[in-house]
Amino acid sequence: MTESVAGAATVAGSERVRLFCALQLGDETVEWLAAWQAANLPRGRVVPRENLHVTLAFLGHRRAGEVQAIAGELRAASAQAGPIELRPLRYRETRSVGMVVLEDASGAAAALAEDIQGRLEQVGVYRRERRPWLPHITVLRFQSPAGLAPGVANTCSIHVVRSALYRSVLGAGGARYEILRNFEIQSEALGG
């Protein structure tokens, strides 16, 4: 299991930090999404390419002293995860975001989400949401639904090879995400 911390953000002491665990997207996927956003999302606040990810568990504000334990649980869950392959299915809007909903045909991403959520509950830093986990990438934020219905023509596979513990720093221009730690996901070749 390889951990990457080069250039990672740091936290210290009793500071409170806003955290989430997520799947990192590869450069090809980010490039495709950025081009798709530019062509299809004329209104609202487009999520910048550096913030594109698939959330596994949103923890909210936690003590900085809990970061090591959270990272350890994400490392352990990632080490046991199978290869993750996702496919874009459709665009969907909620009351405040637009997202690309993903298909998780093998169930590996859902299994990882279930594993990390359970682990985080056990250490007392997370409580599951009532709704089931939905693999998606938030691509647009708005004050009220934008009413868009762009197609997701690209049905390419998204191969995810890293998970990450992110810190979300809120600001006037929106949130900025910083990777605190990231970990390789089991890297067996897909399809043999």
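By convention here, each chain's residues receive numbers from 1 onward along its written sequence. The model is predicted, so local features are restricted to residues of pLDDT at least 70 and side-chain atom pairs to those at 80 or more, both for listing and for counting; the totals for chains, interfaces and linings are taken over all residues. As a convention, hydrogens and water are excluded, and side-chain values are obtained from all of the structure's heavy atoms.

Trainee: For this particular structure, what's the right way to read the packing of helix 2 (residues 67-80) against helix 3 (residues 108-122)?
Mentor: For any two helices packed against each other, the geometry comes down to the angle between their axes and how far apart the axes lie. Following both chains from N to C, one finds helix 2 and helix 3 inclined at 150°, their axes separated by 9 Å at the closest point. Between helix 2 and helix 3, the angle is such that the two are roughly antiparallel. Relative to helix 3, the crossing made by helix 2 is right-handed. On the side of helix 2, the interface is formed by Ile 70, Glu 73, Leu 74, Ala 76, Ala 77, Ser 78 and Gln 80, while helix 3 contributes Leu 112, Asp 115, Ile 116, Arg 119 and Leu 120. For the contact of helix 2 with helix 3, a count of residues per class yields 7 nonpolar, 2 polar and 3 charged. Only the contacting stretch of a helix is used when fitting its axis, a line to C-alpha atoms as for every element, and angles between N-to-C directions run 0 to 180 degrees. Helix and strand assignments follow DSSP, with helices taken as H or I runs no shorter than four residues and strands as E runs no shorter than two, numbered in order from the N terminus. If an angle is under 35 degrees, it is roughly parallel; if it is over 145, roughly antiparallel; if it lies from 65 to 115, roughly perpendicular; otherwise it is oblique. For any helix crossing, the convention is left-handed if the near helix is rotated counterclockwise from the far helix by under a right angle, and right-handed if that rotation is clockwise. Note on contacts: a residue pair is in contact if any heavy atoms of the two residues lie within 4.5 Å. Amino acid classes used here: Ala, Val, Leu, Ile, Met, Phe, Trp, Tyr, Cys and Pro are nonpolar; Asp, Glu, Lys and Arg are charged; the rest, including Gly, are polar.

Trainee: Hey, could you run me through the sheet that holds strand 5 (residues 84-93) in this one?
Mentor: Each strand in a sheet pairs with its neighbour through backbone hydrogen bonds, running either in the same direction (parallel) or in the opposite one (antiparallel). In this scheme, strands are said to pair when DSSP sees at least two bridges between them. The strand order across the open sheet built from 5 strands is 3-7-6-5-8, with neighbouring strands paired in antiparallel fashion. Looking along the sheet, the strands with just one partner apiece sit at the ends: strand 3 (45-46) and strand 8 (158-160). Bridging between strand 5 and strand 6 (residues 97-103) involves 6 bridges; their strand directions are antiparallel. Following the sheet pairing, Arg 87 is matched in strand 6 by Glu 103. Along the sheet, helix 1 (residues 27-40) contacts strand 3, strand 5, strand 6, strand 7 (136-141) and strand 8; its crossing angle with strand 7, the most-contacted strand, is approximately 35°.

Trainee: Quick question: what am I supposed to make of helix 3 here?
Mentor: Since the α-helix turns once every 3.6 residues, residues separated by three or four places project in the same direction. Expected helix span is taken as 1.5 Å per residue step, with the number of steps being one fewer than the number of residues. In this model, helix 3 (15 residues) spans 21 Å end to end at C-alpha, consistent with the 21 Å of a helix rising 1.5 Å per residue. Between buried and exposed lies partly exposed: a residue is buried under 20% and exposed over 50% of the maximum accessible area for its type, with that area taken using a 1.4 Å probe on protein chains only. Burial in helix 3 covers these residues: Ala 108, Ala 109, Leu 112, Ala 113, Ile 116, Gln 117, Gly 118, Arg 119 and Leu 120. The inward-facing, buried residues of helix 3 contact strand 2 (16-24), strand 4 (53-63), helix 2 and strand 5. Positive phi shows up at Gly 124, right after helix 3, with a value of about 80°.

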